[in-house]
Amino acid sequence: MSEWQSPIAPGISWYQATAGERPTYPALDGSRAADVAIVGGGFTGLQAAFNLARRGISVILLEGARVGDGASGRNGGQMGTGQRAWPEELEQAIGFERSKALFDMAEEAKRYLLDFASEHDIDIDYMPGQMNVAHKPGHEKEYRANAEIAAERYGYPHLSYMDREETAERTGSSHYYCGVRDTGTGHIHPLKLLIGLAWAARSAGADIHEMTKVTSIRRASGKTRLETAQGTVSAERVLLATNGYIGELEPVTASHIMPIGSFIAATEPLDAHPGVLPGGEAVADSRFVVRYFRKSRDNRLLFGGREVYSSSSPQDTANFIRRQIAETYPELKDIGITHAWGGYVGITMPRQPFVRDVMPGVTSIGGYSGHGLMLSNFCGKLYADRITGSASPLAELEALDVPSFPGGLRLRKPLLFLALTWYALRDRL
Ligand SMILES: Cc1cc2nc3c(=O)[nH]c(=O)nc-3n(C[C@H](O)[C@H](O)[C@H](O)COP(=O)(O)OP(=O)(O)OC[C@H]3O[C@@H](n4cnc5c(N)ncnc54)[C@H](O)[C@@H]3O)c2cc1C
(Lines give C-alpha, C1' and ligand atoms only; values in the text may rest on other atoms or scores of the structure.)
Protein backbone atom coordinates (compact mmCIF):
# COMPACT_ATOMS: atom_id res chain seq x y z
CA MET A 1 0.00 0.00 0.00
CA SER A 2 2.97 2.33 0.35
CA GLU A 3 2.81 2.81 -3.44
CA TRP A 4 -0.78 4.06 -3.41
CA GLN A 5 -1.12 7.19 -5.55
CA SER A 6 -3.93 9.51 -4.55
CA PRO A 7 -6.07 10.04 -7.66
CA ILE A 8 -6.84 13.62 -6.58
CA ALA A 9 -3.38 15.00 -5.74
CA PRO A 10 0.09 14.49 -7.25
CA GLY A 11 2.95 12.39 -5.88
CA ILE A 12 3.40 9.69 -3.28
CA SER A 13 4.09 11.25 0.08
CA TRP A 14 6.67 10.37 2.70
CA TYR A 15 3.68 10.00 5.00
CA GLN A 16 2.26 7.29 2.76
CA ALA A 17 5.62 5.50 2.80
CA THR A 18 5.88 5.55 6.60
CA ALA A 19 2.33 5.35 7.92
CA GLY A 20 2.20 1.57 8.18
CA GLU A 21 -0.96 -0.35 7.37
CA ARG A 22 -3.65 1.77 5.74
CA PRO A 23 -6.97 -0.11 5.87
CA THR A 24 -9.34 0.22 2.94
CA TYR A 25 -13.10 0.73 3.20
CA PRO A 26 -15.54 -0.72 0.65
CA ALA A 27 -17.22 1.38 -2.02
CA LEU A 28 -20.96 1.95 -1.57
CA ASP A 29 -22.96 -0.91 -3.00
CA GLY A 30 -26.64 -0.05 -3.37
CA SER A 31 -28.85 2.63 -1.86
CA ARG A 32 -28.96 3.44 1.85
CA ALA A 33 -30.49 5.77 4.43
CA ALA A 34 -28.92 7.31 7.53
CA ASP A 35 -29.56 10.07 10.05
CA VAL A 36 -26.50 11.94 8.81
CA ALA A 37 -24.53 11.59 5.57
CA ILE A 38 -21.07 13.07 5.26
CA VAL A 39 -19.30 13.88 2.00
CA GLY A 40 -15.51 13.84 2.36
CA GLY A 41 -13.16 11.62 4.35
CA GLY A 42 -10.60 14.10 5.70
CA PHE A 43 -10.31 15.24 9.30
CA THR A 44 -13.54 17.28 9.21
CA GLY A 45 -15.69 14.47 7.87
CA LEU A 46 -14.13 11.67 9.88
CA GLN A 47 -14.25 13.54 13.20
CA ALA A 48 -17.91 14.30 12.58
CA ALA A 49 -18.51 10.63 11.73
CA PHE A 50 -16.68 9.42 14.83
CA ASN A 51 -18.42 11.80 17.20
CA LEU A 52 -21.87 11.11 15.76
CA ALA A 53 -21.48 7.34 15.64
CA ARG A 54 -20.24 7.08 19.19
CA ARG A 55 -23.41 8.86 20.33
CA GLY A 56 -25.60 6.36 18.52
CA ILE A 57 -26.47 8.44 15.43
CA SER A 58 -26.48 6.45 12.20
CA VAL A 59 -23.91 7.96 9.86
CA ILE A 60 -22.65 7.18 6.36
CA LEU A 61 -19.46 8.80 5.09
CA LEU A 62 -18.79 8.89 1.35
CA GLU A 63 -15.26 9.55 0.12
CA GLY A 64 -14.53 9.96 -3.60
CA ALA A 65 -10.94 8.64 -3.34
CA ARG A 66 -9.48 7.05 -0.19
CA VAL A 67 -9.81 8.63 3.23
CA GLY A 68 -6.86 10.97 3.73
CA ASP A 69 -6.21 11.42 0.00
CA GLY A 70 -7.20 15.10 0.31
CA ALA A 71 -5.29 17.66 2.37
CA SER A 72 -5.65 15.79 5.66
CA GLY A 73 -3.27 12.95 4.87
CA ARG A 74 -0.71 15.03 2.94
CA ASN A 75 -0.17 18.31 4.79
CA GLY A 76 2.75 20.01 6.53
CA GLY A 77 1.79 18.58 9.92
CA GLN A 78 2.18 21.90 11.75
CA MET A 79 -0.44 22.41 14.41
CA GLY A 80 0.16 26.11 15.02
CA THR A 81 -1.62 28.19 17.64
CA GLY A 82 -4.71 30.37 17.35
CA GLN A 83 -6.30 31.07 14.00
CA ARG A 84 -4.51 31.65 10.71
CA ALA A 85 -4.27 35.41 11.38
CA TRP A 86 -2.48 36.64 14.47
CA PRO A 87 -4.98 37.52 17.23
CA GLU A 88 -4.05 41.20 17.19
CA GLU A 89 -4.87 41.30 13.46
CA LEU A 90 -8.19 39.58 14.01
CA GLU A 91 -8.93 42.04 16.79
CA GLN A 92 -8.83 44.88 14.25
CA ALA A 93 -11.57 43.21 12.25
CA ILE A 94 -13.84 41.67 14.89
CA GLY A 95 -12.86 43.17 18.26
CA PHE A 96 -11.08 41.70 21.25
CA GLU A 97 -13.87 39.52 22.66
CA ARG A 98 -14.51 37.60 19.48
CA SER A 99 -10.83 37.37 18.68
CA LYS A 100 -10.18 35.95 22.17
CA ALA A 101 -13.05 33.47 21.77
CA LEU A 102 -11.51 32.26 18.50
CA PHE A 103 -8.08 32.01 20.09
CA ASP A 104 -9.49 29.97 22.98
CA MET A 105 -11.34 27.76 20.53
CA ALA A 106 -8.08 27.00 18.72
CA GLU A 107 -6.43 26.12 22.03
CA GLU A 108 -9.29 23.76 22.76
CA ALA A 109 -8.83 22.32 19.26
CA LYS A 110 -5.15 21.71 20.01
CA ARG A 111 -5.97 19.90 23.25
CA TYR A 112 -8.73 17.95 21.55
CA LEU A 113 -6.42 16.66 18.83
CA LEU A 114 -3.68 15.57 21.23
CA ASP A 115 -6.15 14.00 23.69
CA PHE A 116 -7.91 12.19 20.86
CA ALA A 117 -4.63 10.68 19.64
CA SER A 118 -3.60 9.63 23.10
CA GLU A 119 -7.01 8.20 24.07
CA HIS A 120 -7.05 6.13 20.91
CA ASP A 121 -3.44 5.11 21.24
CA ILE A 122 -2.47 6.65 17.88
CA ASP A 123 1.24 7.37 17.61
CA ILE A 124 1.26 10.64 15.67
CA ASP A 125 5.05 11.26 15.86
CA TYR A 126 4.41 14.42 17.89
CA MET A 127 7.44 16.71 18.07
CA PRO A 128 7.22 19.93 20.12
CA GLY A 129 7.90 23.50 19.03
CA GLN A 130 7.10 25.85 16.17
CA MET A 131 8.65 29.10 14.98
CA ASN A 132 7.19 31.90 12.86
CA VAL A 133 10.03 33.73 11.14
CA ALA A 134 10.33 36.94 9.12
CA HIS A 135 11.84 36.69 5.64
CA LYS A 136 12.27 40.48 5.40
CA PRO A 137 13.79 43.05 7.76
CA GLY A 138 11.65 45.61 9.58
CA HIS A 139 9.28 43.23 11.41
CA GLU A 140 11.10 43.18 14.75
CA LYS A 141 8.58 45.40 16.57
CA GLU A 142 5.59 43.44 15.28
CA TYR A 143 7.08 40.06 16.23
CA ARG A 144 8.11 41.23 19.67
CA ALA A 145 4.58 42.63 20.21
CA ASN A 146 3.04 39.35 19.06
CA ALA A 147 4.72 37.44 21.89
CA GLU A 148 3.83 40.11 24.46
CA ILE A 149 0.19 40.39 23.37
CA ALA A 150 -0.22 36.61 23.46
CA ALA A 151 0.98 36.48 27.04
CA GLU A 152 -0.71 39.59 28.38
CA ARG A 153 -4.02 39.67 26.55
CA TYR A 154 -4.60 36.11 25.42
CA GLY A 155 -3.23 34.23 28.44
CA TYR A 156 -0.76 32.30 26.26
CA PRO A 157 2.72 32.42 27.83
CA HIS A 158 4.47 30.07 25.37
CA LEU A 159 5.69 32.59 22.79
CA SER A 160 9.12 34.22 22.93
CA TYR A 161 10.68 36.74 20.61
CA MET A 162 13.86 35.69 18.78
CA ASP A 163 16.32 38.26 17.46
CA ARG A 164 18.29 37.60 14.31
CA GLU A 165 21.04 35.71 16.08
CA GLU A 166 18.70 33.39 17.97
CA THR A 167 16.59 32.85 14.84
CA ALA A 168 19.72 31.79 12.95
CA GLU A 169 20.76 29.47 15.77
CA ARG A 170 17.39 27.78 16.09
CA THR A 171 16.66 27.45 12.38
CA GLY A 172 20.27 26.74 11.40
CA SER A 173 19.88 29.31 8.61
CA SER A 174 20.92 32.95 8.21
CA HIS A 175 18.00 33.53 5.82
CA TYR A 176 15.60 35.03 8.40
CA TYR A 177 15.61 38.34 10.28
CA CYS A 178 13.71 37.57 13.49
CA GLY A 179 10.98 35.30 14.75
CA VAL A 180 8.69 34.07 17.46
CA ARG A 181 9.17 30.67 19.06
CA ASP A 182 6.13 28.79 20.31
CA THR A 183 6.74 26.07 22.88
CA GLY A 184 3.03 25.41 23.38
CA THR A 185 2.46 23.57 20.12
CA GLY A 186 4.18 21.13 17.79
CA HIS A 187 4.02 19.05 14.63
CA ILE A 188 2.77 15.59 13.75
CA HIS A 189 2.54 12.86 11.10
CA PRO A 190 -0.94 13.71 9.77
CA LEU A 191 -1.58 10.45 7.91
CA LYS A 192 -1.01 8.38 11.04
CA LEU A 193 -3.62 10.49 12.80
CA LEU A 194 -5.99 10.15 9.85
CA ILE A 195 -5.66 6.37 9.68
CA GLY A 196 -6.25 6.04 13.42
CA LEU A 197 -9.22 8.40 13.25
CA ALA A 198 -10.87 6.50 10.39
CA TRP A 199 -10.42 3.30 12.34
CA ALA A 200 -11.94 4.86 15.46
CA ALA A 201 -14.91 6.14 13.44
CA ARG A 202 -15.45 2.73 11.87
CA SER A 203 -15.18 1.02 15.25
CA ALA A 204 -17.73 3.44 16.71
CA GLY A 205 -20.18 2.33 14.02
CA ALA A 206 -19.76 4.86 11.20
CA ASP A 207 -20.37 3.37 7.78
CA ILE A 208 -17.39 4.49 5.66
CA HIS A 209 -17.25 4.09 1.89
CA GLU A 210 -14.20 4.94 -0.20
CA MET A 211 -14.02 5.36 -3.98
CA THR A 212 -17.59 6.66 -3.87
CA LYS A 213 -17.89 10.11 -5.36
CA VAL A 214 -21.03 12.10 -4.77
CA THR A 215 -22.17 13.51 -8.10
CA SER A 216 -25.24 15.50 -7.06
CA ILE A 217 -27.23 16.66 -4.06
CA ARG A 218 -30.96 17.17 -4.10
CA ARG A 219 -33.78 17.70 -1.68
CA ALA A 220 -36.81 15.41 -1.87
CA SER A 221 -39.61 14.80 0.64
CA GLY A 222 -37.83 16.63 3.45
CA LYS A 223 -34.62 14.61 3.03
CA THR A 224 -31.40 15.15 1.19
CA ARG A 225 -30.40 12.65 -1.48
CA LEU A 226 -26.79 12.16 -2.47
CA GLU A 227 -26.32 10.52 -5.84
CA THR A 228 -23.30 8.35 -6.59
CA ALA A 229 -22.54 5.91 -9.39
CA GLN A 230 -22.91 3.08 -6.84
CA GLY A 231 -26.24 4.08 -5.31
CA THR A 232 -28.15 6.86 -3.54
CA VAL A 233 -27.85 7.85 0.10
CA SER A 234 -30.72 9.68 1.71
CA ALA A 235 -30.32 11.44 5.06
CA GLU A 236 -31.96 13.94 7.39
CA ARG A 237 -28.77 15.96 7.54
CA VAL A 238 -25.71 16.27 5.34
CA LEU A 239 -22.25 17.59 6.10
CA LEU A 240 -20.17 18.74 3.14
CA ALA A 241 -16.60 18.21 4.33
CA THR A 242 -15.10 18.50 0.88
CA ASN A 243 -12.87 21.53 1.52
CA GLY A 244 -10.65 22.40 -1.50
CA TYR A 245 -11.97 19.39 -3.42
CA ILE A 246 -15.57 20.59 -3.75
CA GLY A 247 -15.37 20.88 -7.57
CA GLU A 248 -18.82 21.76 -8.87
CA LEU A 249 -20.80 19.63 -6.45
CA GLU A 250 -22.38 22.53 -4.58
CA PRO A 251 -22.16 26.12 -5.86
CA VAL A 252 -22.24 28.10 -2.58
CA THR A 253 -19.30 26.18 -1.14
CA ALA A 254 -17.48 26.30 -4.48
CA SER A 255 -17.78 30.08 -4.64
CA HIS A 256 -16.36 30.53 -1.12
CA ILE A 257 -13.58 27.92 -0.96
CA MET A 258 -10.84 28.03 -3.58
CA PRO A 259 -8.33 25.19 -4.06
CA ILE A 260 -4.69 26.17 -4.14
CA GLY A 261 -1.96 23.59 -4.77
CA SER A 262 0.75 23.37 -2.12
CA PHE A 263 3.75 21.09 -2.47
CA ILE A 264 6.17 19.34 -0.13
CA ALA A 265 9.43 17.46 -0.62
CA ALA A 266 11.18 15.09 1.82
CA THR A 267 14.96 14.92 1.78
CA GLU A 268 17.26 12.07 2.67
CA PRO A 269 17.98 11.92 6.41
CA LEU A 270 20.06 14.92 7.55
CA ASP A 271 22.53 12.96 9.66
CA ALA A 272 25.45 14.91 8.16
CA HIS A 273 23.75 18.26 8.91
CA PRO A 274 23.08 18.49 12.65
CA GLY A 275 22.89 22.29 12.46
CA VAL A 276 19.57 22.25 10.58
CA LEU A 277 16.75 22.84 13.10
CA PRO A 278 18.79 21.52 16.03
CA GLY A 279 15.84 21.86 18.44
CA GLY A 280 13.43 19.99 16.14
CA GLU A 281 10.87 22.82 15.90
CA ALA A 282 8.71 23.35 12.83
CA VAL A 283 8.99 26.65 10.91
CA ALA A 284 6.52 28.78 8.95
CA ASP A 285 7.80 31.95 7.33
CA SER A 286 6.23 35.33 6.66
CA ARG A 287 5.88 35.03 2.89
CA PHE A 288 2.39 35.39 1.51
CA VAL A 289 3.17 32.17 -0.36
CA VAL A 290 4.27 30.59 2.91
CA ARG A 291 7.31 28.32 3.13
CA TYR A 292 6.96 25.77 5.91
CA PHE A 293 9.42 23.14 6.99
CA ARG A 294 10.34 20.79 9.78
CA LYS A 295 12.27 17.67 10.51
CA SER A 296 10.58 14.29 10.61
CA ARG A 297 11.10 11.78 13.35
CA ASP A 298 13.59 9.95 11.08
CA ASN A 299 15.57 13.19 10.63
CA ARG A 300 14.54 14.24 7.12
CA LEU A 301 13.69 17.78 6.15
CA LEU A 302 10.07 18.06 5.02
CA PHE A 303 9.97 21.36 3.14
CA GLY A 304 6.79 22.82 1.70
CA GLY A 305 6.22 25.91 -0.26
CA ARG A 306 5.10 26.25 -3.77
CA GLU A 307 1.53 27.34 -4.31
CA VAL A 308 0.15 27.03 -7.82
CA TYR A 309 -3.15 26.26 -9.43
CA SER A 310 -2.39 23.37 -11.69
CA SER A 311 -0.91 20.11 -10.52
CA SER A 312 2.71 19.42 -11.33
CA SER A 313 4.80 16.27 -11.67
CA PRO A 314 6.70 15.01 -8.61
CA GLN A 315 9.97 15.72 -10.48
CA ASP A 316 8.99 19.37 -11.08
CA THR A 317 7.98 19.65 -7.44
CA ALA A 318 11.28 18.16 -6.26
CA ASN A 319 13.29 20.57 -8.44
CA PHE A 320 11.32 23.60 -7.39
CA ILE A 321 11.41 22.78 -3.69
CA ARG A 322 15.12 21.95 -3.88
CA ARG A 323 15.76 25.53 -5.04
CA GLN A 324 13.77 26.87 -2.08
CA ILE A 325 15.64 24.57 0.32
CA ALA A 326 18.96 25.84 -1.09
CA GLU A 327 17.91 29.46 -0.51
CA THR A 328 17.36 28.66 3.15
CA TYR A 329 20.07 26.05 3.62
CA PRO A 330 22.79 26.49 0.96
CA GLU A 331 24.63 23.45 2.32
CA LEU A 332 21.66 21.28 1.29
CA LYS A 333 21.68 22.32 -2.36
CA ASP A 334 22.61 18.80 -3.51
CA ILE A 335 20.68 16.85 -0.89
CA GLY A 336 18.74 13.90 -2.27
CA ILE A 337 14.98 14.26 -2.41
CA THR A 338 13.20 10.99 -1.80
CA HIS A 339 9.53 12.01 -1.97
CA ALA A 340 7.67 14.95 -3.52
CA TRP A 341 3.94 15.46 -3.38
CA GLY A 342 1.19 18.02 -3.31
CA GLY A 343 -2.35 18.61 -2.20
CA TYR A 344 -5.02 21.28 -2.36
CA VAL A 345 -5.46 23.77 0.43
CA GLY A 346 -8.98 25.21 0.63
CA ILE A 347 -8.70 28.96 1.09
CA THR A 348 -11.31 31.65 1.61
CA MET A 349 -11.14 35.37 0.80
CA PRO A 350 -10.40 36.50 4.39
CA ARG A 351 -8.42 33.31 5.13
CA GLN A 352 -10.89 32.31 7.82
CA PRO A 353 -12.95 29.10 7.96
CA PHE A 354 -16.21 28.80 6.06
CA VAL A 355 -19.12 27.36 8.07
CA ARG A 356 -22.57 27.72 6.57
CA ASP A 357 -25.89 26.01 5.95
CA VAL A 358 -25.88 25.99 2.16
CA MET A 359 -29.20 24.18 1.64
CA PRO A 360 -31.90 23.09 4.08
CA GLY A 361 -30.29 20.40 6.24
CA VAL A 362 -26.94 20.70 4.45
CA THR A 363 -23.97 22.28 6.27
CA SER A 364 -20.67 23.03 4.62
CA ILE A 365 -17.48 23.33 6.69
CA GLY A 366 -13.97 23.96 5.36
CA GLY A 367 -11.71 26.68 3.95
CA TYR A 368 -9.30 26.67 6.88
CA SER A 369 -6.83 28.40 4.58
CA GLY A 370 -3.71 26.37 5.41
CA HIS A 371 -4.39 26.31 9.14
CA GLY A 372 -6.79 23.41 9.33
CA LEU A 373 -4.92 20.61 11.01
CA MET A 374 -6.29 21.40 14.46
CA LEU A 375 -9.39 23.25 13.32
CA SER A 376 -10.67 20.63 10.89
CA ASN A 377 -10.51 17.96 13.58
CA PHE A 378 -12.28 20.21 16.03
CA CYS A 379 -14.91 21.51 13.61
CA GLY A 380 -15.90 17.93 12.75
CA LYS A 381 -16.47 17.33 16.45
CA LEU A 382 -18.33 20.62 16.86
CA TYR A 383 -20.66 19.71 14.01
CA ALA A 384 -21.51 16.45 15.80
CA ASP A 385 -22.05 18.38 19.05
CA ARG A 386 -24.50 20.64 17.30
CA ILE A 387 -26.44 17.76 15.75
CA THR A 388 -26.71 16.01 19.08
CA GLY A 389 -27.85 19.16 20.85
CA SER A 390 -24.72 19.77 22.93
CA ALA A 391 -23.34 23.29 23.30
CA SER A 392 -21.12 24.05 20.32
CA PRO A 393 -19.06 27.17 19.61
CA LEU A 394 -19.38 26.49 15.87
CA ALA A 395 -21.51 29.65 15.76
CA GLU A 396 -18.37 31.74 16.42
CA LEU A 397 -17.03 30.58 13.07
CA GLU A 398 -20.36 30.79 11.34
CA ALA A 399 -20.58 34.47 12.31
CA LEU A 400 -17.34 35.37 10.53
CA ASP A 401 -17.75 37.51 7.46
CA VAL A 402 -16.56 35.24 4.65
CA PRO A 403 -17.56 36.66 1.26
CA SER A 404 -17.47 34.67 -1.96
CA PHE A 405 -14.59 35.08 -4.40
CA PRO A 406 -15.32 37.66 -7.06
CA GLY A 407 -15.64 36.75 -10.70
CA GLY A 408 -18.16 33.91 -10.68
CA LEU A 409 -17.17 30.30 -11.28
CA ARG A 410 -15.43 31.03 -14.58
CA LEU A 411 -13.37 34.10 -13.68
CA ARG A 412 -12.50 33.57 -10.05
CA LYS A 413 -9.56 31.22 -10.68
CA PRO A 414 -7.78 33.52 -13.15
CA LEU A 415 -8.44 36.52 -10.88
CA LEU A 416 -7.03 34.77 -7.84
CA PHE A 417 -4.09 33.58 -9.90
CA LEU A 418 -3.29 37.20 -10.79
CA ALA A 419 -3.61 38.27 -7.16
CA LEU A 420 -1.39 35.47 -5.90
CA THR A 421 1.21 36.10 -8.59
CA TRP A 422 1.31 39.70 -7.44
CA TYR A 423 1.76 38.71 -3.79
CA ALA A 424 4.42 36.14 -4.72
CA LEU A 425 6.27 38.91 -6.53
CA ARG A 426 5.99 41.14 -3.47
CA ASP A 427 7.48 38.34 -1.34
CA ARG A 428 10.63 38.67 -3.46
CA LEU A 429 11.00 42.46 -3.26
C1 LIG B 1 0.28 20.49 1.11
C2 LIG B 1 -0.55 20.96 2.26
C3 LIG B 1 0.08 21.42 3.42
C4 LIG B 1 -0.69 21.84 4.51
N5 LIG B 1 -0.05 22.13 5.68
C6 LIG B 1 -0.76 22.42 6.79
C7 LIG B 1 -0.12 22.61 8.03
O8 LIG B 1 1.09 22.44 8.17
N9 LIG B 1 -0.88 22.97 9.11
C10 LIG B 1 -2.24 23.11 9.01
O11 LIG B 1 -2.88 23.46 9.99
N12 LIG B 1 -2.89 22.89 7.83
C13 LIG B 1 -2.19 22.54 6.73
N14 LIG B 1 -2.83 22.28 5.55
C15 LIG B 1 -4.31 22.36 5.52
C16 LIG B 1 -4.98 21.14 6.18
O17 LIG B 1 -4.42 19.96 5.69
C18 LIG B 1 -6.49 21.18 5.87
O19 LIG B 1 -7.02 22.40 6.37
C20 LIG B 1 -7.29 20.05 6.47
O21 LIG B 1 -6.67 18.82 6.28
C22 LIG B 1 -8.70 20.05 5.87
O23 LIG B 1 -9.35 18.86 6.17
P24 LIG B 1 -10.76 18.55 5.51
O25 LIG B 1 -11.22 17.27 6.07
O26 LIG B 1 -11.67 19.71 5.70
O27 LIG B 1 -10.48 18.44 3.95
P28 LIG B 1 -9.64 17.38 3.09
O29 LIG B 1 -8.70 16.62 3.92
O30 LIG B 1 -9.12 18.10 1.92
O31 LIG B 1 -10.74 16.32 2.65
C32 LIG B 1 -11.76 16.60 1.72
C33 LIG B 1 -12.18 15.26 1.14
O34 LIG B 1 -13.41 15.43 0.44
C35 LIG B 1 -13.42 14.46 -0.60
N36 LIG B 1 -14.43 14.86 -1.60
C37 LIG B 1 -14.51 16.03 -2.27
N38 LIG B 1 -15.56 16.03 -3.12
C39 LIG B 1 -16.17 14.83 -2.95
C40 LIG B 1 -17.32 14.21 -3.56
N41 LIG B 1 -18.04 14.85 -4.48
N42 LIG B 1 -17.67 12.96 -3.16
C43 LIG B 1 -16.94 12.30 -2.20
N44 LIG B 1 -15.84 12.83 -1.62
C45 LIG B 1 -15.45 14.08 -1.99
C46 LIG B 1 -12.00 14.53 -1.16
O47 LIG B 1 -11.69 13.38 -1.91
C48 LIG B 1 -11.20 14.69 0.13
O49 LIG B 1 -10.70 13.44 0.61
C50 LIG B 1 -2.10 21.87 4.44
C51 LIG B 1 -2.74 21.44 3.26
C52 LIG B 1 -1.97 20.99 2.19
C53 LIG B 1 -2.66 20.51 0.96
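Predicted model, so just to flag it, every value in this text is computed and none were measured. (Residues numbered from 1 in each chain as written. Predicted model: local features only at pLDDT ≥ 70, side-chain atom pairs only at ≥ 80, totals over all residues. Heavy atoms only, no water.)

Enquirer: I tried to follow the overall build of the chain on my own but got confused; where do I start?
Expert: Per the secondary structure count, the chain includes 12 helices and 16 strands. Against the 2.2 N^0.38 benchmark of 22 Å for 429 residues, the chain shows a C-alpha radius of gyration of 21 Å, consistent with a compact globule. Dimensions along the principal axes, computed over C-alpha positions, put the chain at roughly 65 × 50 × 45 Å. Across the chain, every contact between residues at least 6 apart in sequence was considered, and the portion connecting residues at least 24 apart equals 74%. Carbon and sulfur atoms make up 52% of the accessible area of the chain, which totals about 17100 Å². Between the averaged position of the 45 positive side-chain charges in the chain and that of its 49 negative side-chain charges there is a distance of 5 Å. (Helix = DSSP H or I, 4+ residues; strand = E, 2+ residues; numbered from the N terminus. Rg over C-alpha atoms; globule rule 2.2 N^0.38 Å. Contact = heavy atoms within 4.5 Å. Areas by Shrake-Rupley, 256 points an atom, 1.4 Å probe, with all protein chains shown as cover. Lys, Arg positive; Asp, Glu negative; His and termini not counted. Charge placed at Lys NZ, Arg CZ, Asp CG, Glu CD.)

Enquirer: Help me understand the side chain of Gln 352 in this model?
Expert: For Gln 352, the position within the fold is in the loop between β14 (337–347) and β15 (354–359). Once you skip the residues sitting within four places of it in the chain, Gln 352 turns out to touch Leu 90, Gly 367, Ser 369, Leu 400 and Val 402.

Enquirer: Could you clarify how one ought to interpret the pairing of strand β2 (residues 59–62) in this entry?
Expert: Successive residues of a regular strand alternate their side chains across the two faces of the sheet. Neither face of β2 is open: one carries Val 59 and Leu 61, the other Ile 60 and Leu 62, and all of them are buried. In terms of strand pairing, strand β1 (residues 32–39) meets β2 through four bridges, oriented parallel. Its bridge partner being in β2, Ile 38 is matched across the sheet by Leu 61. In this fold, the crossover linking β1 to β2 by way of helix α2 (residues 43–53) has right-handed handedness. Looking at chain direction, β2 and strand β6 (residues 207–209) are connected through three bridges and run parallel. Across the sheet, Leu 61 pairs through a bridge with Ile 208, a residue of β6. (Buried < 20%, exposed > 50% of the residue type's maximum accessible area, 1.4 Å probe, protein only. Pairing = 2+ DSSP bridges. Right-handed = clockwise from strand over helix to strand, strands pointing away.)

Enquirer: Hey, could you run me through the nonpolar core in this one?
Expert: Looking at soluble globular proteins, one finds that nonpolar side chains tend to be buried together. Of all hydrophobic cores here, the largest spans 85 residues; its most connected members are Ile 38, Leu 193 and Leu 226. Looking at this core, the element that brings in the most residues is helix α10 (residues 372–387), giving nine residues. In terms of nonpolar packing, the next biggest core, distinct from the first, is built from 20 residues, Ala 265, Leu 270, Val 276 and Ile 337 among them. (Core = buried A, V, L, I, M, F, W, Y, C linked by side-chain atoms within 4.5 Å.)

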